Amino acid sequence: MLTKISGGHVIDPGYINARMDIWIKDGSIFEVCEEGKGTLESSSPDRIINAAGKIVVPGLIDMHVHLREPGHEYKETIETGLKAAVAGGFTAVCCMPNTKPVNDNAQITSFILEKARQAGLAKVYPVAAISLGLKGDSLAEYAELKTAGAIAVSDDGMPVSSGRLMRNAMEYASCFGLLTIAHCEDHELACNGCMNEGSVSTRLGLRGIPNISESIMVMRDIELSDLTGVPVHIAHVSARESVNAIREGKKRGIKVTAETAPHYFTLTDEAVGNYDTNAKMNPPLRTETDRLAVIKGLEDGTLDIIATDHAPHSVLEKELEFDKAANGICGLETSLGLSMKLVHDGIIGMESLVRLMSTRPAEILGKDNHLKPGNNADIAIIDPDAEWKVDSSKFQGKSKNTPFNGWDLKGRAVMTIVDGRIVFEL
Amino acid sequence: MQLSGKDILDISSLSMDEINLILDTAERMKEINQRPVKKVPPLKGKTIVLFFHEPSTRTKLSFDIAAKRLSADSISMAASSSSMVKGETLLDTAKTLEAMNPDIIVIRHSSSGAPHFIAKHLKASVINGGDGMHAHPTQALLDMMSVRQKKGRLDGLKIAVIGDIAHSRVARSNIEGFTKMGSEVVVAGPPTMIPIGIESMGARVAYSTDEAVKGADVVMMLRIQKERQGDFLFPSEREYAREFGLNPKRLEKAAPDAIVMHPGPMNRGVEISSDIADCGRSVILEQVSNGVALRMALFLLLSGGVKNVDED
């Protein structure tokens, strides 16, 4: 099987930023070459994809999604989650372990990978639990989890309160090459809060979550990384204090990496409006100062990547009193469009965006997804100028919870290719 | 003039004119409550559901009496006796209620925003009878009514609100109400009880009761929720009473004709000394009486006017 992606503007940060052809042979990249100058030019490809006017990039990787299977298939299955992923331009996702049962054992990891294989869409890199049952009491069996295919460990959603457990988790995970991902939250300071602490929470009479409930744990985990020498990846950064702490940590040479999500650089706590549960998430939407600090962090490299924290919920969890509603929003299908705004607004260049959403996540996960011969052909083709309206009723995923319904966005994936197969085409 | 919206969810969605209309109407209702036969017919055939998801005796009783004096059929529904204890969601409860065609629903709920949620799903008028830490608009309106009676106006006054502002829906609604009507509101309490950003609602913050009370025309004390002592908000009732409670000596700092208010129920000897609660400047019981008249006014206005009452 021979495929040619013809005449697109190829952006592979640090390597290529030019109009090129890409030749794919049997699922792998065979050659990236000047237009019409490939070594296979004289042969006739089985398929030619005309990418003129489009941007061709290494497939996007979302390091933070919730696929809900096993246990909550009514919100999302691995298959529907992956349909959403490829519709967003993602060729791989890391799925968090808070399924039911929790992904704290090899059987669940294997189950997830088998389901993903059957779906045959985007790739799945399972993130296993740090602690058994996400309870924060004892370590899961990392060796077996690694063998089964886990790529990292995290108790996402359930902050690891014990500094000792977190230290041991990082040290123990490192000997199996598993990355530790930290959901940073001091539960005591968050104190059952359901939105950002500030004038909006005061006006609405909702319990607030202060910024430092996040940043104090970011600081702890940076120090633990310093102590152990083990890399730590900070999940979904929302607060300016966290951005500052990560910036300082990097200056000190500590192996800390971090992600933020499109909602943190797009919205503020004002989006809660009159108790709109679609704007309820954890960490919560912060203030304008935080939003700008997150953008600055993306600009100067303090924040390494954009992830989505894709958290599908049914109306059962969202059509409720605000304080009782579940946290989280669907992110996979709006991530690129929302992030492209940073490019259209001139805040970052397209190459930086590709780094944030594709090659840097790969690096952090120890993968190589550059567009170079021999690598799997995982590719996204983006129309940077496509104007479209978010319509949650048309989401490929099962759930529709998003604060962006009805928004006009510019830029989206028009084709997603995994292992040389077209898995999504607009 | 009529109210512009179908619901009474908070003070911020009422205009100055609407507040004046409500207070004026309530004044006219007071007379009915003094009659030997305290019942008029304007809401005959109307159904008012009192849906109290959170325990409350006085507010519920006040709404109930108000409904009955206007000849409405009032039906009480408590969370403990509703299907919500069987796991029914608020949305399902709302839809069930809707199917029974009530005219007005009064809701008290422990979750902030629950009345907004219900109102969005119902054709009936919804009155917020207190939601979480958010709003208690009928309490604020009856407080404004009580102040207007005593002071003859609502503008240019200094209102001190003292106590656990962070957890008080009464405080929030009163801040919105009195500042909207042109008064200055000063809140006071220990910093653990002053929420971040309360200034953005129009209040000035003092961390000392003495400072807040100084020159105040109205001193409004809030109930200390004793169950909150485990939240590290204050060390003991003894210290709270001494530092933040209202006593005769502290009240001397207020304007000579200052009045004392409390939404009740009171912790005598904690936020308010017993002699102050019972003194001639206390309007605490008048607040309760005004509550009935005020709620009658709201029922009438939401049902389309006051014409029938005048004819009666």
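Refer to the structure printed above.
All residue numbers refer to position in the chain's written sequence, counted from 1. Note on labels: chains are lettered from A, ligands numbered from 1, in written order. Totals for whole chains, interfaces and linings use all residues, but because this is a predicted model, local features are given only for residues with pLDDT of at least 70 and pairs of side-chain atoms are given and counted only at 80 or more. As a rule here, side-chain values come from all non-hydrogen atoms in the structure, and water together with hydrogens is ignored.

**Focus on the sheet that holds strand S6 (residues 60-65) of chain A**
Residue and element names in this part refer to chain A. The parallel open sheet is built from eight strands, whose spatial order is S6-S7-S8-S9-S10-S13-S14-S15. Single-partner strands in this sheet number two, and they are S6 and strand S15 (305-306). Contacting strand S7 (90-95) and strand S8 (123-128), helix H2 (residues 106-119) crosses the sheet at an angle of about 165° to S8. Helix H7 (residues 212-228) rests against strand S10 (179-182), strand S13 (232-234) and strand S14 (256-260) of the sheet, and its axis sits at about 165° to S13. For two strands to be treated as a pair, DSSP must find no fewer than two bridges joining them. By definition, any uninterrupted DSSP run of H or I lasting at least four residues is a helix, any uninterrupted run of E lasting at least two residues is a strand, and each is numbered from the N terminus. The contact definition used throughout considers only heavy atoms, calling two residues in contact when any of these lie within 4.5 Å. The convention used is that axes are lines fitted to C-alpha atoms, helices contributing only their stretch in contact, and that angles between N-to-C directions extend from 0 to 180 degrees.

**Quick look at the interface of chain A and chain B**
Listed by partner, the interface residues are 16 residues for chain A and 25 residues for chain B. By buried area we mean the combined loss of accessible area, with a 1.4 Å probe, across both parts when two parts are placed together. Between chain A and chain B lies a buried interface of about 1,600 Å² when both sides are counted; carbon and sulfur atoms form 56% of it. Of all residues in chain A, Thr 202, Glu 319 and Glu 321 of chain A bury the most surface against chain B, accounting for 33% of the area lost on that side. In the sections that follow, a salt bridge refers to a side-chain nitrogen of Lys or Arg positioned within 4 Å of a carboxyl oxygen of Asp or Glu. Summed over the shared surface of chain A and chain B, the number is zero salt bridges. We define a polar contact as two N or O atoms separated by no more than 3.5 Å, with the added condition that, inside protein, one atom must be a possible hydrogen donor and the other a possible acceptor, whereas residues neighbouring each other in sequence contribute only through side-chain atom pairs. At the junction of chain A and chain B, the tally comes to seven residue pairs in polar contact (both at pLDDT 80 or more).

**A closer look at the side chain of Thr 202 of chain A**
Inspection of the secondary structure puts Thr 202 of chain A in helix H6 (residues 199-204). Among residues more than four places away in sequence, those in contact with Thr 202 of chain A are Arg 172, Pro 195, Ile 196, Gly 197, Ile 198 and Met 201 of chain B.

**Focus: the packing of helix H5 (residues 137-151) of chain B against helix H11 (residues 284-302) of chain B**
A pair of packed helices is captured by two measures, namely the crossing angle of their axes and the spacing between those axes. Residues and elements named next belong to chain B. Running from N to C, H5 and H11 point in directions that differ by 115°, and their axes come no closer than 8 Å. When the axes of H5 and H11 are compared, the crossing they make is right-handed. The residues of H11 that touch H5, namely those facing Thr 138, Gln 139, Leu 141, Leu 142, Asp 143, Met 145, Ser 146, Gln 149 and Lys 150, are Glu 286, Gln 287, Asn 290, Gly 291, Ala 293, Leu 294, Arg 295 and Leu 298. Class assignment for the residues of the contact of H5 with H11 results in six nonpolar, seven polar and four charged. Each crossing is labelled by how the near helix is turned from the far one, with a counterclockwise turn of less than a right angle marking it left-handed and a clockwise turn marking it right-handed. Polar here means any residue other than Ala, Val, Leu, Ile, Met, Phe, Trp, Tyr, Cys and Pro, which are nonpolar, and Asp, Glu, Lys and Arg, which are charged; Gly is therefore polar.

**Regarding helix H2 (residues 58-69) of chain B**
All names here are of chain B. If you check H2, its first and last C-alpha atoms are 16 Å apart, about what 12 residues at 1.5 Å a residue would give, namely 16 Å. Whether a residue is buried, partly exposed or exposed follows from its accessible area with a 1.4 Å probe, protein chains only, as a fraction of its type maximum: under 20%, in between, or over 50%, in that order. Of the positions making up H2, those classed as buried are Thr 59, Ser 62, Phe 63, Asp 64, Ala 66, Ala 67 and Arg 69. Residue Ser 71 follows H2 closely and has a positive phi angle near 70°. A helix is expected to span 1.5 Å for every residue after the first.

**Concerning the nonpolar core**
All names here are of chain A. Nonpolar core, defined: a set of buried Ala, Val, Leu, Ile, Met, Phe, Trp, Tyr and Cys residues in which side-chain atoms within 4.5 Å join the residues together. Leu 82, Val 93, Tyr 142, Ile 234, Ile 246, Met 350 and Leu 353 are the most contacted members of the largest nonpolar core, which has 75 residues in total. With six residues, helix H1 (residues 78-87) is the largest single contributor of residues to this core. Residues contacting Tyr 142, with those up to four places away along its chain left out, are Ala 129, Ile 130, Val 153, Ala 169, Tyr 172, Ala 173, Phe 176 and Leu 178.

**Structural notes on unusual backbone geometry**
Between Glu 69 of chain A and Pro 70 of chain A the backbone carries a cis peptide bond, its omega angle lying at 5°. Along the chain, Pro 70 of chain A falls in the loop between S6 and H1. The residue after Asn 282 of chain A, namely Pro 283 of chain A, is reached through a cis peptide bond having omega 0°. Unlike most non-glycine residues, Cys 191 of chain A shows phi in positive territory, near 45°. Structurally, the position occupied by Cys 191 of chain A is in the loop between helix H5 (187-190) and strand S11 (195-196). With a relative accessible area of 38%, Cys 191 of chain A lands in the partly exposed category. Positive phi outside glycine occurs at Phe 232 of chain B, with the angle close to 60°. Looking at the element boundaries, Phe 232 of chain B is found in the loop between strand S8 (218-221) and helix H8 (237-244). In this structure Phe 232 of chain B comes out as exposed when scored by relative accessible area, which is 70%.

That is the geometry; function is a separate question.
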